Amino acid sequence: MSLSIKIMEIDTVEDVTCLDPELLQLPEVSPFALKTSPQLVEDLFSQWLSLPETGLLVKSLIDDAKAGATVNASPNFSNVNVFGSNSLPSMFPIGNAPPLSPRSSSGSPRTSKQKSSPSALGSPLKLVSEPMQEVIPQFYFQNGPPPTKELKEQCLSKINHLFNNPLNGLQIDEFKTVTKEVCKLPSFLSSALFRKIDVDCAGIVARDTFIKYWVDGNMLTMDIATQIFEILKRPGRKHLTQVDFKPLLRELLATHPGLEFLRNTSEFQDRYAETVIYRIFYHINRSGNGCLTLRELKRGNLVAAMQHADDEEDINKVLRYFSYEHFYVIYCKFWELDTDHDFFIDRENLIRYGNHALTYRIVDRIFSLAPRKFSSEVEGKMGYEDFVYFMLSEEDKSSEPSLEYWFKCIDLDGNGVLTPNEMQFFYEEQLHRMECLTQEPVLFEDILCQIVDMIAPEREDCVTLRDLKRCKLSGNVFNILFNLNKFMAFETRDPFLIRQEREDPSLTEWDRFAHREYIRLSMEEDVGDASNESAEVWDESLEAPF
């Protein structure tokens, strides 16, 4: 008998780690103390086993087990009221027990636990809760989410209609309709899309082949930027380069009605395509490494510009990247400075830009490759791409690429801040030029105060790139330091131009400059044509008598 009690006592003590201290319901002891002190629980349980009532209970259970009767500890526990505070002798002397914490009848998680019936759990010392299995739907798909049934049926219906021909496929000149109606992409992407699918160069894309690429490959559910990115990038690459955009520009030149006049001039077609690509990478490839990522493509406005170019017949109304007038202005400027027409510009050529508006010191910084490394392989000379980057930065100093370009030029030590000494270094030449032109000189101390008031930098002893990007007038800081013509124009601002800028805020400084410059260049060309015609008439009149 004693041996059985001992065995049961050992088994029960081993199971004490499974006890929920709250089920003991000891008013003299805090439940928190029971949870944080397992040794205290063991001591209490050992004390409970030593009570006479416990011995009687255990003896009755053993007798029932020997007699073959069903052993049910729950009723006996309830009768003996082990969990009640009345049958368990107090651990504290009478009158010295600490007061109990008041318990709310509702709203307490502990109270809600006590309301559950321990008899239904099989053991009053354990609370067994079955974990609820929550099914989380798949939210990541490596190749994009699959199309819905309705979307897939609509797409297949259009595909069946367009591919309904004896060949059960389409050639490259018939693929534009698929690109527009099924893929919802700009039409001048049709050739690139066709060649992407026709990997075997068979010259025809079958219906099943297109479905496998566009529908089964989940291209259907991708956003338009991702679709364009996947179509243009080469296999195995995770970025786009300038070469990847050439097929797109070739198709644009061959099909857009606004560029029809260029179809017989292959040289200008190439220059136009190059200029568009350079402008795209100038604005969108913010890392400047020549590798355009999907994230950069999504953050830029190229997709919207492509859609605009596809819908607009007048290419000059597409101001972002594709305007022919903008290309004309850039190319004519380059041609004017490139006096020997070797397609390179040196220091002496660039110093003539804008009627000698720039200082020698800033030109030297450009040719020291401070803002960016030249793409030309000729030392001391910039190529056409380098000139495009320079001109876009010079004529629109409100854009972030321009601010970064000129910030690197002024930051002589490359520590990421512009100090008064660095700004004074460039302004000294401006001050000297003003004196030579009999302009009233403005001391650097006054200029520095004006810059600080204009930019409102976080620190008054230096200006950071972040300070410049927060201010809408930051471009004028660079004009003050190295562009005398624009500095004078800023000091004597024309109210008419200010009102004109406010009327159409969507136009950038580059848009306004390119418009004015194109009108000037076209007028000069008209005057030149008229003078040539008059010269021909004069020559004919002299030759007539003979």
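Computed from a predicted structure; not experimentally measured. (Residues numbered from 1 in each chain as written. Predicted model: local features only at pLDDT ≥ 70, side-chain atom pairs only at ≥ 80, totals over all residues. Heavy atoms only, no water.)

Further remarks concern the overall build of the protein chain. For the protein chain, the helix and strand inventory stands at 28 helices and four strands. Every one of the 546 residues in the protein chain was classed for burial, and the buried ones make up 39%. Nonlocal contacts in the protein chain, meaning residues at least 24 apart in sequence, comprise 62% of its contacts between residues at least 6 apart. Within the structure as shown, the protein chain displays about 31,800 Å² of accessible surface, and the carbon and sulfur contribution to it stands at 54%. (Helix = DSSP H or I, 4+ residues; strand = E, 2+ residues; numbered from the N terminus. Buried < 20%, exposed > 50% of the residue type's maximum accessible area, 1.4 Å probe, protein only. Contact = heavy atoms within 4.5 Å. Areas by Shrake-Rupley, 256 points an atom, 1.4 Å probe, with all protein chains shown as cover.)

Residue-level pLDDT values for the protein chain average 81, and 77% of them are 70 or greater. Low pLDDT, under 50, characterises residues 1–19; the predicted model gives this stretch 17 contacts beyond four residues in sequence or across chains. Scored below 50 in pLDDT, residues 537–546 shows zero contacts in the model against residues more than four places distant or in partner chains. (pLDDT = per-residue confidence, 0-100.)

If you walk through the whole model with that rule in mind, you get 34 aromatic pairs. Ring geometry for F175 and F210: centres 6.0 Å apart, planes at 80°, overall edge-to-face. Taken together, the residues F175 in the loop between β1 (169–170) and α8 (176–182) and F210 in helix α10 (residues 207–216) connect sequence positions 35 residues apart. Judged by relative accessible area, F210 falls into the buried class, the value being 0%. Looking at K333, its charged tip hangs above the ring of Y353, at a distance of 5.5 Å from the centre. The ring of F425 has R361 sitting right over it, with the charged end atom 4.3 Å from the ring centre. (Phe/Tyr/Trp six-rings, centres within 6.5 Å; stacked < 30°, edge-to-face > 60°. Lys NZ or Arg CZ within 6 Å of the ring centre and 35° of its normal.)

Time to look at the packing of helix α19 (residues 360–367) against helix α22 (residues 420–436). Two elements in contact, α19 and α22, have axes whose closest approach is 8 Å; the angle formed by their N-to-C orientations is 130°. The angle between the axes of α19 and α22 places the two elements in the oblique class. Where α19 approaches α22, its residues Y360, R361, I362 and R365 are matched on the opposing element by F425, F426, E428 and E429. A class-by-class count of the residues in the contact of α19 with α22 yields four nonpolar, no polar and four charged. (Axes fitted to C-alpha atoms, helices over the stretch in contact; angles between N-to-C directions. Parallel < 35°, antiparallel > 145°, perpendicular 65-115°, else oblique. Nonpolar A, V, L, I, M, F, W, Y, C, P; charged D, E, K, R; others polar.)

This brings us to helix α11 (residues 224–232). Most of α11 is tucked away, with seven of its nine residues classed as buried. Of the residues making up α11, those classed as buried are A225, T226, Q227, I228, F229, I231 and L232. In the core, the buried residues of α11 are packed alongside α9 (190–197), α10, α12 (246–255), α14 (294–299) and α15 (302–311).

Contact geometry of α11 with α15 gives a least axis separation of 10 Å together with a crossing angle of 85°. When the interaxial angle is binned, α11 and α15 end up roughly perpendicular. Residues I224, A225 and I228 of α11 touch α15, and the partners they reach there are V303, M306 and Q307. Here the residues of the contact of α11 with α15 sort into five nonpolar, one polar and no charged.

Burial in α12 covers these residues: L248, L249, E251, L252 and L253. Elements in contact with the buried residues of α12: α8, α9, α11, α13 (266–284) and α15.

The next subject is unusual backbone geometry. Phi at Y321 is positive, roughly 75°, even though this residue is not glycine. Topologically, Y321 is positioned in the loop between α15 and α16 (324–337).

A separate point is the environment of T226. Position of T226 among the secondary structure elements: in helix α11. Judged by relative accessible area, which is 10%, T226 ranks as buried. Each C-alpha atom, one on T226 and one on L294, is 6.9 Å from the other, the two residues being 68 residues apart in sequence. Discounting chain neighbours no more than four positions away, the residues touching T226 are L294 and K298. Side-chain polar atoms of T226 contact the side chain of D223, separated by 2.8 Å. A polar contact is formed between the side chain of T226 and the side chain of K298, at a distance of 3.5 Å. (Polar contact = N/O pair within 3.5 Å; in protein donor to acceptor, adjacent residues only side chain to side chain.)

Formed by 117 residues in total, the largest nonpolar core has its most connected members in F210, W214, Y272 and F322. Leave out the neighbours within four places in its chain, and F210 touches I159, F163, F175, V178, V182, C183, I197, V205 and V215. (Core = buried A, V, L, I, M, F, W, Y, C linked by side-chain atoms within 4.5 Å.)

Moving on, we come to the side chain of Q227. Here Q227 is to be found in helix α11. You can call Q227 buried: its relative accessible area is 5%. Ignoring any residue separated from it by four or fewer positions in sequence, one finds Q227 in contact with C183, L185, W214, M219, L220 and M222.

This next bit is on the pattern of salt bridges. If you walk through the whole model with that rule in mind, you get 28 salt bridges. Here E260 ties to R263 by a salt bridge, and the two come within 3.9 Å at their closest N and O atoms. With relative accessibility at 47%, the residue E260 sits in the partly exposed group. K469 is paired through a salt bridge with E404; the nearest N and O atoms lie 2.9 Å apart. Of this pair, K469 sits in helix α24 (residues 465–470) while E404 is found in helix α21 (residues 400–410), placing the two residues 65 residues apart along the sequence. In this structure, a network of salt bridges that share partners links the residues R286, E400, E404 and K469. (Salt bridge = Lys/Arg side-chain N within 4 Å of Asp/Glu carboxyl O.)

Before going further, it helps to spend a moment on a nonpolar patch on the surface. Together, I136, F139 and Y140 line one region of the surface with nonpolar side chains, adding up to about 450 Å² of accessible area. Residue class for I136 comes out exposed when judged on its relative accessible area of 64%. (Patch = residues over 30% accessible without salt bridge, like charges linked within 9 Å, V, L, I, M, F, W, Y side chains within 5 Å.)

A few words on the side chain of E404. In terms of polar contacts, E404 uses its side chain to reach the side chain of K469, at 2.9 Å. Contacts of E404, omitting those with residues within four sequence positions, involve R286, L465 and K469.

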